[in-house]
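Survey of secondary and tertiary structure
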Amino acid sequence: VFLAFIIATLLYISPNSRISDRIRSIKWEAASLQIRVQEIFPAAIAIYKDHNPIWGIGSGSFATVASSEPKYRSMITEEPTHAHNIFLQALVTQGVLGAAMSLFFVFQMVSMSSHLLKTSAPPFIKAIGATGFIWITGIVVAGLANHEFHNSRFNMGAGLIITVIVLSYYISIQ
């Protein structure tokens, strides 16, 4: 942990680091969260209620519906790309069925990670279980104010982590 802290500090301090440029260029504005909670979330809920609540509006359709229909466009001052909440995004685009499947997936990952922590497997397998808990907790917490699943790099990393957790789980039950 200490070594990771040192490396992160050196990357931040380094004048030639792209990471440090990105960190320094972040605009920390309270208005961003305010816009999400007061404008985008209510518009997403309205879209969900007005369209097909069972099946949703379809994957990738949030931006199109939110920006093209005057009722929702008048609710949002910025150009919406997604619902800025993974659960709301699933509910609006995939409906109740898709949202239920998303929640089932979260609970399944928690269950598998819990099993890995409780098993008498080697410490490496237990570490994978702990990683699963940390990852799913991070996704849930971050997902309350954003929606990262539209990012292909995030999806590749998530797929790798999920694969490792699932394989470790099946190895541990044999």
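For the structure itself, consult the block above.
These figures come from a predicted structure and were not determined experimentally.

**Remarks on helix H7 (residues 123-143)**
Taking 1.5 Å of rise per residue, the 21 residues of H7 would be expected to cover 30 Å, and the 29 Å separating its terminal C-alpha atoms lies within 8% of that figure. Within H7, burial applies to Ile-125, Ile-128, Gly-129, Gly-132, Trp-135, Ile-136, Ile-139 and Gly-143. The arc enclosing the buried residues of H7, seen along the axis, measures out at 125°, which places them on a common side. Residues of H7 that are exposed and angled more than 90 degrees away from the buried face: Pro-123, Ile-134 and Val-141.

**Overview of the environment of Ala-90**
Structurally, Ala-90 is set in helix H6 (residues 86-118). Residues Ala-90 and Ile-57, 33 residues apart in the sequence, show an inter-C-alpha distance of 10.0 Å.

**Thoughts on the environment of Val-92**
Relative to the assigned elements, Val-92 resides in helix H6. Overall, the relative accessible area of 1% leaves Val-92 in the buried class. Sequence separation between Val-92 and Lys-49 is 43 residues, and the spatial gap between their C-alpha atoms is 8.6 Å. Those residues in contact with Val-92, other than ones at most four positions away along the chain, are Ala-44, Ile-47, Tyr-48, Gly-56, Ile-57 and Phe-62.

**Some words on the nonpolar core**
By size, the foremost hydrophobic cluster in this structure holds 17 residues, and its most contacted members are Ala-44, Ile-47, Phe-62 and Val-92. Where this core is concerned, the elements lending two or more residues are helix H3 (30-50), helix H4 (62-68) and H6. Per-element accounting of this core gives the leading share, eight residues, to H3. Setting aside chain neighbours within four positions, we find Ala-44 in contact with Phe-62, Ala-83, Leu-88 and Val-92. Membership of the second largest hydrophobic core comes to 15 residues, among which are Ala-121, Ile-125, Ile-128 and Ala-158.

**A short note on a nonpolar patch on the surface**
A grouping of Ile-54, Trp-55, Val-96 and Leu-97 is seen on the molecular surface, where their side chains present a nonpolar patch of about 390 Å² in accessible area. Along the chain, Ile-54 falls in the loop between H3 and H4. For Ile-54, a relative accessible area of 44% puts it in the partly exposed group.

**Here's the deal with the pattern of salt bridges**
Under the counting rule described, the total for this entry stands at two salt bridges. Asp-50 is paired through a salt bridge with Lys-71; the nearest N and O atoms lie 2.6 Å apart. With Asp-50 in helix H3 and Lys-71 in helix H5 (residues 70-73), the pair connects residues that are 21 residues apart, well separated along the chain. Assessed through its relative accessible area of 46%, Lys-71 is described here as partly exposed. A salt bridge links Arg-73 to Glu-79; the nearest nitrogen and oxygen atoms lie 3.6 Å apart. Residue Arg-73 is classed as partly exposed on the basis of its relative accessible area, which comes to 26%.

**Comments concerning unusual backbone geometry**
The backbone of His-84 sits at a positive phi, close to 60°, despite the residue not being glycine. Relative to the helices and strands, His-84 resides in the loop between H5 and H6.

**Side note on the side chain of Thr-93**
Relative to the elements of secondary structure, Thr-93 occurs in helix H6. Only 2.6 Å separates the side chain of Thr-93 from the backbone oxygen of Gln-89, close enough to count as a polar contact.

Cut-offs applied
- Residues numbered from 1 in each chain as written.
- Predicted model: local features only at pLDDT ≥ 70, side-chain atom pairs only at ≥ 80, totals over all residues.
- Heavy atoms only, no water.
- Helix = DSSP H or I, 4+ residues; strand = E, 2+ residues; numbered from the N terminus.
- Expected span 1.5 Å × (residues − 1).
- Buried < 20%, exposed > 50% of the residue type's maximum accessible area, 1.4 Å probe, protein only.
- Arc of directions from axis to C-beta.
- Contact = heavy atoms within 4.5 Å.
- Core = buried A, V, L, I, M, F, W, Y, C linked by side-chain atoms within 4.5 Å.
- Patch = residues over 30% accessible without salt bridge, like charges linked within 9 Å, V, L, I, M, F, W, Y side chains within 5 Å.
- Areas by Shrake-Rupley, 256 points an atom, 1.4 Å probe, with all protein chains shown as cover.
- Salt bridge = Lys/Arg side-chain N within 4 Å of Asp/Glu carboxyl O.
- Polar contact = N/O pair within 3.5 Å; in protein donor to acceptor, adjacent residues only side chain to side chain.

These figures capture arrangement, not role.
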